[in-house]
Amino acid sequence: MSNTDIEIVVEDPTAPEADSPAVTSVRAADVVVCLLLLALALTLGYDNWRTGAGWESTGPQSGYFPFYLSVILGGASLYGLVAAFLSRREASEIFVTRAQLRRVMAVFVPTLLFCLAMQFLGLYVASFLLIAGFMRMVGKIALWKSLLTAFVFTAVMFVTFDIAFDVIMPKGPLEAALGR
Amino acid sequence: MEALGLLMHGFAVLLTWKTLLLMMLGLVLGIFVGVLPGLGGPNGVAILLPLTFTMDPTSAIVMLSCIYWGALFGGAITSILFNIPGEAWSVATTFDGYPMAQQGRAAEALTAAFTSSFIGSLVAVMLITFLAPMISSFALRFGPPEFFAVYLLTFCSFVGLGREAKHKTVISMSLGLLLAGIGMDTVSGQLRMTFGSAELLRGVNFLVAVIGLFGISEILLTMEERLALRGHAAGISLRVVVSVWKDLPKYWVTLLRSSFIGCWLGITPGGAIAASFMGYNLAKRFSKDPDSFGKGRIEGVFAPETAAHASGTAALLPMLALGIPGSGTAAILLGGLMVWGLNPGPLLFVEHKDFVWGLIASMYLGNVVGLVLVLTTVPIFASILRVPFAAVAPMIVVSCAIGAYAIQNAMFDIWLMLGFGVVGYVFKKIGIPLAPFTLALVLGNRAEDAFRLSMIGSGGDMKVFWSNGLVGSITTLAIVLLFWPVIDKVFGSVTRILRPAKA
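This report concerns the structure included in the present document. Values in this document were obtained by computation on a predicted structure and should not be read as measured data. (Residues numbered from 1 in each chain as written. Chains lettered and ligands numbered in written order. Predicted model: local features only at pLDDT ≥ 70, side-chain atom pairs only at ≥ 80, totals over all residues.)

Turning next to the overall build of chain B. In terms of regular secondary structure, chain B is built from 22 helices and 3 strands. Against the globule reference of 23 Å for 503 residues, chain B gives a C-alpha radius of gyration of 23 Å, in line with a compact fold. Taken over the C-alpha atoms alone, chain B extends approximately 70 × 65 × 50 Å along its principal axes. Across the 503 residues in chain B, those meeting the buried criterion constitute 62%. Considering only contacts within chain B whose residues lie at least 6 apart along the sequence, 80% involve residues at least 24 apart. (Helix = DSSP H or I, 4+ residues; strand = E, 2+ residues; numbered from the N terminus. Rg over C-alpha atoms; globule rule 2.2 N^0.38 Å. Buried ≥ 20, exposed ≤ 12 C-beta atoms within 10 Å, placed from the backbone. Contact = placed C-beta atoms within 7 Å.)

Okay, here's the thing in structure tokens:
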């Protein structure tokens, strides 16, 4: 066999360009995360202090353990904040490029819509829409292939979980109409 | 040799058609999960966990652990054929595995990878068979202070020995412990950190968090990259298998060394990645011809694979014997055990003998069956990669949603999963490790209970953690490990001052 016998080739039509401009640096993301964590630590710390972070006759109160953890979390994120500000390396690293962000959003937004749709249409219908839509829009796969794959996958899921294993999922009008 | 008798009993429990069928199913699903980009061991186990809710615990754990073996085997396929490591610990396998595939020796490399995985796991399982009962019977004497000390040791060793920035490990761990505390306090029954929300009353479910952190975030991360791939297709013929196996004895030193490294690093938390690199590097250093590594040398496949799988398997030892998982996947298996009402830890060996030995026996059997299965079906699994990611991604999202919802039948969990997906994505990008978070979340409540019970016992005196030799030395070791980087530096500079001229 020679060096050239590559037999499996998969193309990616909507791949992000390599030279896309950066949206934000790792440092900026690091600072934001540390600030959020600090806020979380303060909130949880306050709540636990209110619950009671001291000692009573039977031992530590319920807030004791989490209160000190909030202190540790707060301290570590404060340290992280300072470290991120001082770090030159992180300032030059790219957190995400514009093209990458577009791709990530191309998965995240449909997932979000899927979760929303699940509440009204039920899981199985929402799954069908998600898979078919995603394959068609993002993957640029032929419509009939997308619809067929989505239908087969959803049907298999329904049979496995709802019929064979009795795992109950959210259901909507379609299932009601079918009497399940 | 009580262990042997019990192990035989374990095999007897397993050898029913139903269990064997589940085993095959688990392996196939596992390899599938291991081969697909954007999924791996922990995600696969987490997503498929709901499937097992309706089974009895023994069948369920057999299936889950087979998913795990399958995923380990599957990772090697993509590393060798496509130069895409499915998991961080398969990175070292690509160094020599992919060059071998380029030279048209893919079948040889695959056989070597599968065989050495098998050997690595086998050594580790044997270690578990004989060591786990001993450790657990020793641990039966542990009281709350000892358990807290062991938990402390686990947490501290993550901070002290991890390669990430220390404060990031601390952030990840304290966040996990805090989230574990949300909801009803198990000791006093008081509510905390719920902010009046009825949804938070149940607390943050561990598995929901894991599905979000690993499943959803992995999809987001995978999408960022260019997903076009080019790879080699390979079928394995019996002739190749035999010729590779015939050469095996030549490499016994490498295999043994890697197994040993793997077992050692697997028992200490977070070791599989380090183990594979260490196995590779040591094989290279001790080789007579180190320059030939990285150019398609079969030893370069043997060494990291054996170590990675030995450590992946050995990670189950502390989980079974002490209730402390040694890896992310072990933590998820532990979460599964708790769903079925089994409490991992030393008592498991006393109260649920059937279960424990069934599980250990399934490790032996699963590995043998897995080896045969991957050797015969590689071409089919390699062609899974032909399926475009745009079709795979939404299916994974749906599976994640099903998994997250099925745990508590709550829509809130779906949103929580999505939230954790974003958190996981951001954390991975800024270098906050997720393994300590997972571990903290699963151990949080037990660690707190152990702490409070020992405090109640001692009347609030911290000296209880040094009250006897055993607990004292564990606590001290934990603190030493926590400050290990500092100690290491101080020692380093002291020795440099003492011996200035040499070097």
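With that settled, the discussion passes to helix α20 (residues 435–458) of chain B. All names here are of chain B. For α20, built from 24 residues, the straight-helix expectation of 34 Å at 1.5 Å per residue is met to within 8% by its first-to-last C-alpha distance of 33 Å. Its maximal kink placed at L443, α20 deviates by approximately 55°. Within α20, 19 of the 24 residues are buried, which leaves the element mostly enclosed by the surrounding structure. Positive backbone phi, approximately 70°, marks G459, located one or two places after α20. (Expected span 1.5 Å × (residues − 1). Bend = angle between axes of the 7 residues up to and from the residue.)

Turning our eyes to something else, we now look at the environment of F151(A). Residues and elements named next belong to chain A. With respect to the helices, strands and loops of the structure, F151 is situated in helix α6 (residues 143–164). When the 13 C-beta atoms within 10 Å are taken as the criterion, F151 is described as partly exposed. Placed 120 residues apart in sequence, F151 and V31 show a C-alpha to C-alpha distance of 44 Å.

A few words now on the packing of helix α4 (residues 57–82) of chain B against helix α5 (residues 91–102) of chain B. Residues and elements named next belong to chain B. Two elements in contact, α4 and α5, have axes separated by 6 Å at closest approach and are oriented at 55°. Classed by the angle they form, the pair α4 and α5 counts as oblique. Residues A76, S79, I80 and L81 of α4 touch α5, and the partners they reach there are T93, T94, G97, Y98 and A101. For the contact of α4 with α5, the class distribution of residues is 5 nonpolar, 4 polar and no charged. (Axes fitted to C-alpha atoms, helices over the stretch in contact; angles between N-to-C directions. Parallel < 35°, antiparallel > 145°, perpendicular 65-115°, else oblique. Nonpolar A, V, L, I, M, F, W, Y, C, P; charged D, E, K, R; others polar.)

The next subject is the interface of chain B and chain A. Tallying the contact residues gives 63 residues for chain B and 71 residues for chain A. Taken together, the elements giving at least two residues each to the side of chain B that touches chain A come down to α8 (166–181), α9 (206–224), β3 (229–231), α18 (389–408), α19 (411–430) and α20 of chain B. Of the residues forming the side of chain B that touches chain A, the biggest block, 11 residues, is contributed by α18(B). Counted by class, the side of chain B that touches chain A contains 40 nonpolar, 13 polar and 10 charged residues.

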